[in-house]
Amino acid sequence: METKPPIPRAVLVGIQTPDVDDVAHDASLEELGRLVKTLGYEVVGRVSQRREGTGAASLLGSGKLAELAALTGGTGVVGSMAPTPKSKARQRFEGAAGTADAAEPDAEADAESARRPEFVIVDHELSPSQIRNLERATGAEVLDRTGVIVEIFHRHANTREAKLQVEMARLKYVAPRLRESTGGGGRQQGPGAGETTLDLDRRKIRDRLAELKDQLEAVQRDSDHRRSARRDQLRVALVGYTNAGKSSLMRALTGSQVLVEDKLFATLDTTVRILQPETRPRVLVSDTVGFIKQLPHDLVASFRSTLTEALEASLLLFVVDASDPTYEAQLEVSRSVLREIGADVVPSRLVLNKLDRVDAAGRAALIEKHPDAILLSAHAPGDVSALRDTIIAFFEAAMVEDVLALPYAKQGLIGEVYESLRVLSEDYDEKGRVLKVRGLPGAIARVRRSLAG
């Protein structure tokens, strides 16, 4: 019978700067814990310290660094990675002592080390030197918040486009953090002066990034073509913080079997489905990647396709977890990312989700603070139906009525008319069909171009 490998253990580390209050600091560490859980690790401890900033060489003060090292089994001291010079006599002596110790293993010490956390996860972005210093002091592998998010994206990407985007972001994150191996960073590659191993690794990353960029541009051309075909259709994009309930709301609005999971970044790829019950013209609903505090800039830039869905939508629904005490900060994160790509000009509505987790007093406070927001629970059919009516009413306000003449020679275009517009009445004369339609001005103009062509 195969035994499952042990679950990796991790200690969380956070720095509380003067501009961050206790609630925001605790919420950030709690969110980091959920990110780590999404990676499949077990959180076994937390170390937090108030400091003026996060620029110290080892991030923590000496006392807190010793406290962290006591959890991981490290020395608590940032020593040099260079090996201590030893005489041949000393090497022979230590070799003999090591052989004797190996003959009588300390079972208690082995059990103790097995229980130690293998990872230190820091709730801030670290420089390569800070990572090295913390690893020396703790004896554990160190990941910063950005590294955790990049790794989660790497594991959860499904489509070819998302995989290419994530690999690019991952390589950009890894490149400045490469380090020489202790066994021979100065080794030459090839004849002559050549390259060090580190130089070679960095060149390989540059070449791979260039290759990925070409592949991604080809995939995105196909995606742009598909989006252009939907340009005159009614489109709603669900945007918001990760785990706010966008996928649950997507499933409720469209009846689709999209993945719904209580994990951060459970879905990364853009999903487009038709609003149900279906309307004429049809309304397309897209579920975009969730945002998060300190989302790496390379990931924001690389997820062009999912963010373009938001930019080209007719209506944005900002989905917020109303039961989260830090929901306002999360909403600001979502809005700032969309401002970055110019999507802040798209009409939007605020949707306060997970209302079933909010008590009566909390609901009253939400209504007072956000009188124009849509309050709902994605699991309540009545709430979802009301949201659907709101979406339809938004598009109805922009629609106009017109009359189209469809000659008998062009009856093949009737499908396009019914697909893009709502046909209010249909009549016939000696030239063909006369259709009274209602739809968006752009969609009517596109059908007229088809008729003229």
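In case you missed it, the structure is sitting above this.
First, a word on scope: everything that follows refers to the structure included in this document. (Residues numbered from 1 in each chain as written. Predicted model: local features only at pLDDT ≥ 70, side-chain atom pairs only at ≥ 80, totals over all residues. Heavy atoms only, no water.)

**A closer look at the overall build of the protein**
If you tally the helices and strands in the protein, you get 16 helices and 13 strands. Taking all 453 residues of the protein together, 44% fall into the buried category. Across the protein, every contact between residues at least 6 apart in sequence was considered, and the portion connecting residues at least 24 apart equals 68%. Working note: accessible area of the protein is about 23,400 Å², and carbon and sulfur atoms make up 52% of it. (Helix = DSSP H or I, 4+ residues; strand = E, 2+ residues; numbered from the N terminus. Buried < 20%, exposed > 50% of the residue type's maximum accessible area, 1.4 Å probe, protein only. Contact = heavy atoms within 4.5 Å. Areas by Shrake-Rupley, 256 points an atom, 1.4 Å probe, with all protein chains shown as cover.)

**A few points about the packing of helix 9 (residues 246-254) against helix 14 (residues 381-398)**
Packed helices, taken two at a time, are described by the angle between their axes plus the distance between the axes. Between helix 9 and helix 14, whose axes approach to 10 Å, the crossing angle comes to 75°. Overall, the two elements helix 9 and helix 14 adopt an arrangement that is roughly perpendicular. Residue-level contacts link L249, A252 and L253 of helix 9 to V384, L387, R388 and I391 of helix 14. (Axes fitted to C-alpha atoms, helices over the stretch in contact; angles between N-to-C directions. Parallel < 35°, antiparallel > 145°, perpendicular 65-115°, else oblique.)

**A closer look at the pairing of strand 7 (residues 283-287)**
Burial runs high along strand 7: five of the five residues are buried. Side chains V283, V285 and D287 project from strand 7 onto one buried face, and the interleaved L284 and S286 project onto a second face that is buried too. As paired strands, strand 5 (residues 234-240) and strand 7 are joined by five bridges and run parallel to one another. By the bridge assignment, R235 is partnered in strand 7 with L284. Strand direction decides the pairing type here: strand 6 (residues 271-274) and strand 7, joined by four bridges, are antiparallel. Of the residues in strand 7, the one forming a bridge with R273 is V285. (Pairing = 2+ DSSP bridges.)

**Let's talk about the packing of aromatic side chains**
Scanning the entire structure with this criterion turns up two aromatic pairs. Seen from their ring centres, Y41 and F119 are 4.6 Å apart, and the 20° between their planes marks the pair as stacked. With Y41 in the loop between helix 1 (22-39) and strand 2 (42-50) and F119 in strand 3 (residues 119-122), this pair connects stretches of sequence that are 78 residues apart. We classify F119 as buried; its relative accessible area is 12%. The lysine or arginine in question, R335, covers the ring of F318, its NZ or CZ lying 5.4 Å from the ring centre. (Phe/Tyr/Trp six-rings, centres within 6.5 Å; stacked < 30°, edge-to-face > 60°. Lys NZ or Arg CZ within 6 Å of the ring centre and 35° of its normal.)

**Description of helix 16 (residues 441-452)**
Spanning twelve residues, helix 16 covers 16 Å between terminal C-alpha atoms, matching the ideal 16 Å at 1.5 Å per step. Residues of helix 16 that are buried include every one of A443, I444, V447 and L451, and no others. Projected down its long axis, helix 16 shows its buried positions confined to an angular sector of 100°, all on one face. In helix 16, the exposed positions angled more than 90 degrees off the buried face are occupied by R449 and A452. The inward-facing, buried residues of helix 16 abut strand 11 (400-407), helix 15 (414-420) and strand 13 (432-439). (Expected span 1.5 Å × (residues − 1). Arc of directions from axis to C-beta.)

**Details of helix 14**
Here helix 14 spans 27 Å end to end across 18 residues, near enough to the 26 Å set by a 1.5 Å rise per residue. Within helix 14, the full set of buried residues consists of V384, L387, R388, I391, F395 and E396.

**Observations regarding the environment of H154**
Relative to the helices and strands, H154 is located in helix 6 (residues 145-156). Sequence spacing of H154 and A169 is 15 residues, and the spatial spacing of their C-alpha atoms is 9.2 Å. Look past the residues within four positions of H154 in its chain and what remains in contact with it is V166 and R170. Looking at H154, its side chain comes within polar contact range of the side chain of R170, at 3.4 Å. (Polar contact = N/O pair within 3.5 Å; in protein donor to acceptor, adjacent residues only side chain to side chain.)

**What to know about the packing of helix 6 against helix 7 (residues 160-174)**
Where helix 6 meets helix 7, the axes come as close as 9 Å, and the angle between the chain directions of the two elements is 150°. As the angle between them shows, helix 6 and helix 7 are arranged roughly antiparallel. Crossing of helix 6 over helix 7 shows left-handed handedness. Contact residues: helix 6 offers T146, G147, V150, E151, F153 and H154, while helix 7 offers V166, R170 and Y173. Across the contact of helix 6 with helix 7, the residue classes tally to four nonpolar, three polar and two charged. (Left-handed = near helix turned anticlockwise from the far one by under 90°. Nonpolar A, V, L, I, M, F, W, Y, C, P; charged D, E, K, R; others polar.)

**Points about the sheet that holds strand 2**
In a beta sheet, neighbouring strands are held together by backbone hydrogen bonds and run either parallel or antiparallel to one another. Read across the open sheet, the four strands follow the order 2-1-3-4; overall the sheet is parallel. A strand with exactly one partner marks an edge of an open sheet, and here the two such strands are strand 2 and strand 4 (141-144). Neighbour to neighbour, the strand axes of the sheet diverge by 25° on average, direction disregarded. Sheet topology note: the strand 1 (residues 9-16)/strand 2 ladder contains eight bridges and is parallel. Among the inter-strand pairings, Q16 is bridged to a residue of strand 2, identified as R50. Where helix 5 (residues 128-138) meets the sheet, its contacts fall on strand 3 and strand 4, and the angle it forms with strand 4 comes to roughly 145°.

**Quick word on the nonpolar core**
The biggest cluster of nonpolar side chains holds 49 residues, and the ones touching the most others in it are I121, F291, L295, L316, L338 and L352. Residue contacts for L316: discarding those within four places in its chain leaves A237, V239, A310, L338, A343, V346, P347, S348 and R349. (Core = buried A, V, L, I, M, F, W, Y, C linked by side-chain atoms within 4.5 Å.)

**Brief notes about the environment of I444**
Mapped onto the fold, I444 is located in helix 16. Separated by 41 residues in sequence, I444 and V403 have C-alpha atoms that sit 9.6 Å apart. Dropping the residues within four chain positions of it, I444 is found in contact with V400, D402, L421 and G439.

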